[in-house]
Structures are given as structure tokens and as C-alpha cells.
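Residues per chain are reported as follows:
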Amino acid sequence: MKLDVNALGTFYRMAREGAGLAAGRLTHMTDVETRVGVTKLNFMRGREIRHDFEDSTEKIGVRVELSGAIEGYSVVVFDRENALRIVETIVSESDAEEFDEMNKSAATEVGNIMNNGFIDGWADVLETVIDVSTPEFVKGESADVFFSDLEEAPGDDDLALLFQSHIEAVDTEVGFSHYLFPERESMSRVLEQLRTSGGIEYDKLEGFDRMAERGAEEVAKTATTLTGIDTSVEIRRLNFVSLEAIPEEVPDERLVGVAFEFDGVPSGYLLFLFDEESAREIVDAMVPMASDDGDGDDDDDADGPESFDEMGTSAIKELGNIMASGFLDGWANVLDTTIDHSTPEFVHDIGTAAVDPVIVQLGENQEFAFVFDTVITADGKEFDCEVYAIPDEDDLERALNDLEVDRIEDAPTTADFQEVDNT
Amino acid sequence: MKTYGTEPGAPTPVQVGISELAISDGDETLKSYGLGSCLAIALYDPDSGIGGLAHAMLPDGDTAENSERKPGKYADTAIRALLRRMVEKGASYTSVEAKIAGGSDMFEFESFGDGVGQRNVVAAREELDKLGVPLVAEDVGGDRGRTVEFTPGSGTLMVKTTEADGTSGVSEL
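Labelled according to an unreviewed UniProt entry, chain B appears under the name Probable chemoreceptor glutamine deamidase CheD, originating from Halobiforma nitratireducens JCM 10879. Recorded in UniProt for chain B, the comment headed Catalytic activity (unreviewed entry) runs: "L-glutaminyl-[protein] + H2O = L-glutamyl-[protein] + NH4(+)". Turning to chain B, the UniProt annotation filed under Sequence similarities (unreviewed entry) states: "Belongs to the CheD family."

Identification of chain A as CheC, inhibitor of MCP methylation from Halobiforma nitratireducens JCM 10879 is taken from an unreviewed UniProt entry.

Quick look at the structure:
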């Protein structure tokens, strides 16, 4: 089974189209104004999909089995509370607190109409027919209840191509997520139809995941070494999205960031974004003197001007620089190549404004991008760092095709902390 | 971001995301957040109060395959699409005026050449000139991000920036 960007692009449009139809029908049914949030194709391991689910809130799912052009399962998942709110809008005089028979069937009906919205959207894009089974109501806290009995569900170490769409109601909390677990054979058939270039062997995506893993580990390790703050990788996933969707995910607030361009196979752009508090915490940890914010009191909340002085800026740039080396070394080791990066560019501005120059540049030659999306956090201290690595599409395809899958496992990771100049 | 359903009466600004454009015929405000190198293009007819905002990402749509599907993505096709839709709504072509904001160059990367923001600004100016639409005000370039709010009824384009020292700047075009 091989895939290429054209095939993935069609999948993406399929997901987008399906989400639009589903949102439209939800509005029609509930009179609640809705919009399509982020739509993504994710490459995720079974373990991570399960991890995603384990936020200990009860969830309601409506599941259908697909046959025809796409075989597999389509599942719409609501948080329990959201499902109840939606039920309330449909079943009048219902103060829905429990899933009795009536509420259960109302929720199933909604879920089913959502599923059908997605599936009709896909069938439109693929110009084909997809048949749908009768819906099944599922309730539970862990992913196991929703997926584990499915033959198509990926094992802990299996890499799955997951369609995720989020639909949210304007001004109210009734969002839900949608998952498609396609059966491998049918996916392979569809990919074969859609592919317009040589493409990448599906198994080489393993290399993708390994790159993402090594890169993220190196960043967390580097951050811990430099700041003394104990950090770990919170989220790590590989998304395939349209370029415009990337800034949509970045908060509309002022962030502190360090940006790089990198050059090699692949080339591309790398951004580390911190919220202001985390950035301040980092400056304090790296430059102890900087904690005197000059406002006369003992705190270090910098209630003076909210800027980062030269020392603070250079501390953040230095951290970014070494994290970038670690991240890209992680990649280079997996790919058995070298990747150079530019000097760091500091940015302290609205988050989206820091990301859009990169997508503007890449947009000259590509419509979609693989985004290596990583979040690093620390226990007890403010250290939230979002890492966006966006490689040039052609380069990435080349890099992956050159990759020998056998050596992925053995790739050593080496990051050199010796050259840190802490002055 | 596309919204499904009817607009509530509340005066919340309509958000115009990257590659999108929106038309309005009154006091409704159109808003684009966090423009870096992207360009906000506001067109309006002061007589009828009809206007629109585009959040363009790239300069040249005429050479791109998907510009028909996504006219708002490119500066040139966005301007033409805005103009066409405004005229369909009743605006008079000859009285339409333009304001633009954005097109910063936040980073000095080698691969960015002369600057990705600058390319968008140049493309918009050229297209406006070609169509004979006067560019009456602009706030472009530099290395700061901008958030814009456009009210077609009055033709006011508010531009907000946050400076390096943390202060916020607001200017009205």
C-alpha cells in the first residue's frame, strides 16, 4: 500500500466536506448554530488514540459499520454532558440527566445523522457509494469500550490513519469528535485510485513516527538540562492538514516564540511557541538575575513593561537554538542524514502572526503540509511549549523514500549539550 | 471559518479566516486575527455602505489551480471576487475604494527572499491599479503582527498591533 500527497489531499477534502455536511445537519436538527473546527488527518499509534480518550470523562459514541468503497467503522463521540445538552434541544420537555430509553434513542439518532453527514461527504468527494449499517450506541470512559472489539482498531504499536473533525456550536459547548477506522484493504484500494505519483510506501510512515518521537524526546531532554525544569512530552502527533488550518490551531494571544528555517533532506521550518508565563519562568530558570523585575517588590511577575529585555530574549533564543539542534538531530539520526538550521529568530507577538509567514512561504509550492505537532509540559511549573515542525513536502517524500525501514529501530540519538555557553 | 446556521442578532464580528473573504452591507464588522505576512484587503463603496474583507495568503492566484475554489487565498483573485460580489449586492464599481493592512516580514530567513509579506503587498497594489480601484490607505510591512476590524458602513479599518515592549497600538485607517 502506497500513499502520496494527492491521495491524502483528497482524504482531507473528504473529511472537510463530511464535517461541513454533518455541521449543517446538526444545525438543522437542533437550531444551534454550529461551525467546523479543526479537521485533521492524524497518523497515530493505537496507544496514543487510547491515551487521548483517557481524560476520565464519560463519553457517548454512536458507531456504524461501513461497506462499499470504504470499509471500516465510523464513530461520532460526544462528551456525556454535550450529548445530554443536544438531546435536550431535540426532546422537548426533557431535562436530560440520564440516558433513559428515550434520550438514548435521541442521542443515537443525532449521532447517526452526523455519521451519515460525514459519509455522504466522502461519497461525494470519491464519487462513489458507501453503505452504512444501523447505528450502535456506546457509552464508557475508556477507548476500549469504543474501539477494542473492532477488528480494524489498531494495536498499541500499530500506526493508524485517523480522520478527526471537531464540530462546535457557536457560544455553547456541544462539540464532538469524529473518528474513522478504515479497514486496511479498502484503504489500500482507495489510495491506489487516488494516487497520482510514485508515492511513499505505507510502512515507511513508521519512519515518520520515529522521527516525531525522537525529535520530541530530544526537545524535552534539552529543555530539562538547560532550565532544570523537569519536562516531558505531553502530546506528539503527526498531522496532515491544509496549510490554512495550521494557524487556526494557534491561540489568538500573545506568545513568545523562536523560529528557524532548516536545510537538508528534508528542509522546512521549526517553531517553538511558549505562552508568556512559561517564557518568563524559563528566563528566570536560565538567568537567575533576571528575576528582579525592577518594580521594587519581591515578586518576579514583571508588572512593569511586559517586554523581554535583551538578556531574557537571548536566554529564550539560546534555549530554542539548542532545542532545535536536538530536535533536528533526532530526525537526522532516523533519516541518516544531516539537517542544518538557521540562527534563531525571536518573536513576541500574536501566535497566528508568528506562524503565518511560514505557511505563506510554503504555500507558494504546496497546498497541504505534514505538521509534527508536539507539546512539552512540566509538572508543577509553567512550561508549556508547542513545537511546530513543518517540512517542505517534496523533500519529506524524498527523505522517507530513502529511508530503510530496518534501521529505524537502531538509530541512536545523540544530542550534544557540551557546547552550551551559559553566559 | 464557515459558520452554519443563522447569524444571531448579537453584534459579534464575523471572523474572516486565512484564505476566506466576506461581504457585508452595513454596520456588521468583519475581523481578521493575527495577520503576519498575510494581507487584509478591505474594499467598500462609501455611497451604498457595501463592502468586504479578504484575508489573503499568497500573491498570485492566476497561476494557481485552485484559485477558483478558493479565491480568497490569493491577493489578486480575492480583490476581483470581493468586487464582483459587492457589485452583485448593489455596490457601484466606480466608487469602490480600498484599504490594505498586513504583509509584515517577521523573519529574515534566506528562503524567504525579498520577504513573503512584501510580495503580497505588491500583488494587491498591482491588482487594484489594474482594476482602477483607488488605494486610499494602507498599513503594511514592518515586523509586527496585526489584527484588523473592518466596518464597511463607515469604511473604517481598525488596525491593532502589539509592540515589542508589550504596549498595544491601535490605528484607524
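Peer 1: Break down the overall build of chain A for me, citing the residues and quoting the values.
Peer 2: In terms of helices and strands, chain A carries 12 helices and 16 strands. Within chain A, buried positions represent 59% of all 423 residues. Partitioning the intrachain contacts of chain A with sequence separation of at least 6 by distance along the chain shows that 78% fall at a separation of at least 24. Element-wise, carbon and sulfur atoms account for 42% of the exposed surface of chain A, whose accessible area totals about 17000 Å².

Peer 1: Outline the interface of chain A and chain B, supporting the account with residue identities and numerical values.
Peer 2: Of the residues lining the interface, 42 residues belong to chain A; the matching set on chain B comes to 41 residues. Between chain A and chain B, roughly 3400 Å² of surface is buried when both sides are summed, and carbon and sulfur atoms account for 56% of that area. It is Glu33(A), Glu244(A) and Val360(A) in chain A that bury the most area against chain B; as a group they hold 18% of the surface buried on that side. One can count 5 salt bridges joining chain A with chain B. Asp349(A) serves as the salt-bridge partner of Arg144(B), at 3.5 Å between the closest nitrogen and oxygen. Inspection of the region where chain A meets chain B yields 19 residue pairs in polar contact (both at pLDDT 80 or more).

Peer 1: Now, about the packing of helix H7 (residues 205-227) of chain A against helix H10 (residues 310-335) of chain A: what can you tell me, with residues and values included?
Peer 2: All names here are of chain A. Viewed as axis vectors pointing N to C, H7 and H10 meet at an angle of 150°, and their least axial separation amounts to 8 Å. Taken together, the axis directions place H7 and H10 in an arrangement best described as roughly antiparallel. Classified by chirality, the crossing of H10 by H7 is right-handed. Tallied by class, residues from the contact of H7 with H10 come to 13 nonpolar, 6 polar and 3 charged.

Peer 1: I'd like to hear about empty space enclosed by the protein, residue by residue, with values.
Peer 2: Residues and elements named next belong to chain A. Applying the stated criterion across every chain yields a total of 3 cavities of 30 Å³ or more. A volume near 40 Å³ is recorded for the largest cavity. Together, Met 14, Ala 69, Ile 70, Phe 163, Leu 180, Pro 182, Ser 186, Met 187 and Val 190 line the largest cavity. Sorting the residues of the lining of the largest cavity by element identifies strand S8 (176-182) and helix H6 (184-194) as the ones contributing at least two each. Taken together, the residues that form the lining of the largest cavity break down as 8 nonpolar, 1 polar and no charged.

Peer 1: Quick one: what's the story with the sheet that holds strand S6 (residues 51-56) of chain B, residue by residue and with numbers?
Peer 2: Residues and elements named next belong to chain B. As summarised here, the arrangement of the 5 strands in space is S3-S6-S5-S7-S8, forming an open sheet in which the pairing is mixed. Bordering the open sheet on either side are strand S3 (21-24) and strand S8 (135-140), each of which pairs with just one other strand. Mean inter-strand twist for the sheet, computed between neighbouring axes without regard to direction, equals 10°. Where strand S5 (residues 39-44) meets S6, 6 bridges bridge the pair, whose relative direction is antiparallel.

Peer 1: With reference to specific residues and values, describe the packing of helix H1 (residues 5-30) of chain A against helix H4 (residues 101-126) of chain A.
Peer 2: All names here are of chain A. One can describe the packing of H1 onto H4 by two numbers: an axis separation of 7 Å at closest approach and a directional angle of 140°. As for how H1 packs across H4, the hand of that crossing is right-handed. Contacts from Thr 10, Arg 13, Met 14, Ala 15, Glu 17, Gly 18, Ala 19, Leu 21, Ala 22, Arg 25, Leu 26 and Met 29 in H1 reach Val 110, Ile 113, Met 114, Asn 116, Gly 117, Phe 118, Asp 120, Gly 121, Trp 122, Asp 124, Val 125 and Leu 126 in H4. Considering only residue class, the contact of H1 with H4 consists of 14 nonpolar, 5 polar and 5 charged.

Peer 1: Could you give an account of helix H11 (residues 351-363) of chain A, with specific residues and numbers?
Peer 2: The end-to-end C-alpha distance of H11(A) is 19 Å, a good match for the 18 Å that 13 residues give at a rise of 1.5 Å each. Here H11(A) lies mainly inside the structure; 13 of its 13 residues are buried.

Peer 1: Describe the sheet that holds strand S11 (residues 168-172) of chain B, with residues and values.
Peer 2: The strands making up a sheet associate through backbone hydrogen bonding, with each pair oriented either parallel or antiparallel. Residue and element names in this part refer to chain B. Taking strand neighbours across the sheet as the criterion, the 5 strands line up as S2-S4-S9-S10-S11 in an open arrangement whose pairing is mixed. What marks the edges here is a single partner per strand, and that holds for strand S2 (14-15) and S11. Where strand S9 (residues 146-151) lies against strand S10 (residues 156-162), 5 bridges are found, and the strand directions are antiparallel. Following the sheet pairing, Val 148 is matched in S10 by Val 159.

Peer 1: A description of unusual backbone geometry should follow, citing residues and the corresponding values.
Peer 2: Residues and elements named next belong to chain A. The amide bond that connects Val 265 to the next residue, Pro 266, takes the cis arrangement and shows omega of 5°. Mapped onto the fold, Pro 266 is located in the loop between strand S11 (254-264) and strand S12 (268-275). Notably, Glu 127 is not glycine yet its phi reads approximately 50°, a positive angle. Locating Glu 127 in the fold gives a position in the loop between H4 and strand S5 (130-132). The backbone of Asp 336 sits at a positive phi, close to 55°, despite the residue not being glycine. Of note, Asp 336 is situated in the loop between H10 and strand S13 (339-341). Classification of Asp 336 by relative accessible area gives exposed; the value is 57%.

Reading the values: the criteria
Numbers given to residues run from 1 along each chain, matching the order in which its sequence is written. By the order in which they are written, chains take letters starting at A while ligands take numbers starting at 1. pLDDT decides what is reported in this predicted model: residues at 70 or higher carry local features, side-chain atom pairs at 80 or more are listed and counted, and totals for whole chains, interfaces and linings draw on all residues regardless. Note that the side-chain values use all heavy atoms of the structure and ignore hydrogens as well as water. UniProt positions are given in the numbering used here, feature names are shortened, and annotations may be inferred rather than shown by experiment. Only DSSP runs of H or I covering at least 4 residues are called helices, and only runs of E covering at least 2 are called strands; the numbering of each starts at the N terminus. A 1.4 Å probe rolled over the protein chains alone gives each residue an accessible area, and that area as a share of the maximum for its type sets the label: buried under 20%, exposed over 50%, partly exposed in between. Only heavy atoms matter for contacts: two residues are in contact if any of them lie within 4.5 Å across the pair. Method for areas: the Shrake-Rupley scheme with a 1.4 Å probe, in which residue coverage is limited to the protein chains shown. The term buried area means the drop in 1.4 Å probe accessible area that two parts suffer when joined, counted for both and summed. What counts as a salt bridge is simple: a side-chain nitrogen of Lys or Arg found within 4 Å of a carboxyl oxygen of Asp or Glu. Pairs of N or O atoms within 3.5 Å make up the polar contacts considered here, provided that, within protein, one atom can donate a hydrogen while the other can accept it, and that residues adjacent in sequence are counted only when both atoms are side-chain atoms. Lines fitted to C-alpha atoms define the axes here, with helix axes fitted over just the stretch in contact, and angles between the N-to-C directions of these axes take values from 0 to 180 degrees. Put simply, angles under 35 degrees are roughly parallel, angles over 145 are roughly antiparallel, angles from 65 to 115 are roughly perpendicular, and the rest are oblique. The sense of a crossing depends on the near helix, which, turned anticlockwise from the far helix by less than a right angle, makes the crossing left-handed and, turned clockwise, makes it right-handed. Nonpolar residues are Ala, Val, Leu, Ile, Met, Phe, Trp, Tyr, Cys and Pro. Charged residues are Asp, Glu, Lys and Arg, and all others, Gly as well, are polar. The rule is simple: put a 1 Å grid over the protein atoms alone, call a set of points where a 1.4 Å probe fits but cannot get out a cavity, call an open set with protein on both sides within 12 Å along at least five of seven lines a pocket, and count a residue as lining if it has an atom within 4 Å of a point. Grid points are joined across faces, edges and corners, and a volume is the space filled by probe spheres set on the points. Strands are treated as partners if at least two bridges between them are detected by DSSP. Take the number of residues in a helix, subtract one, and multiply by 1.5 Å to get its expected span.

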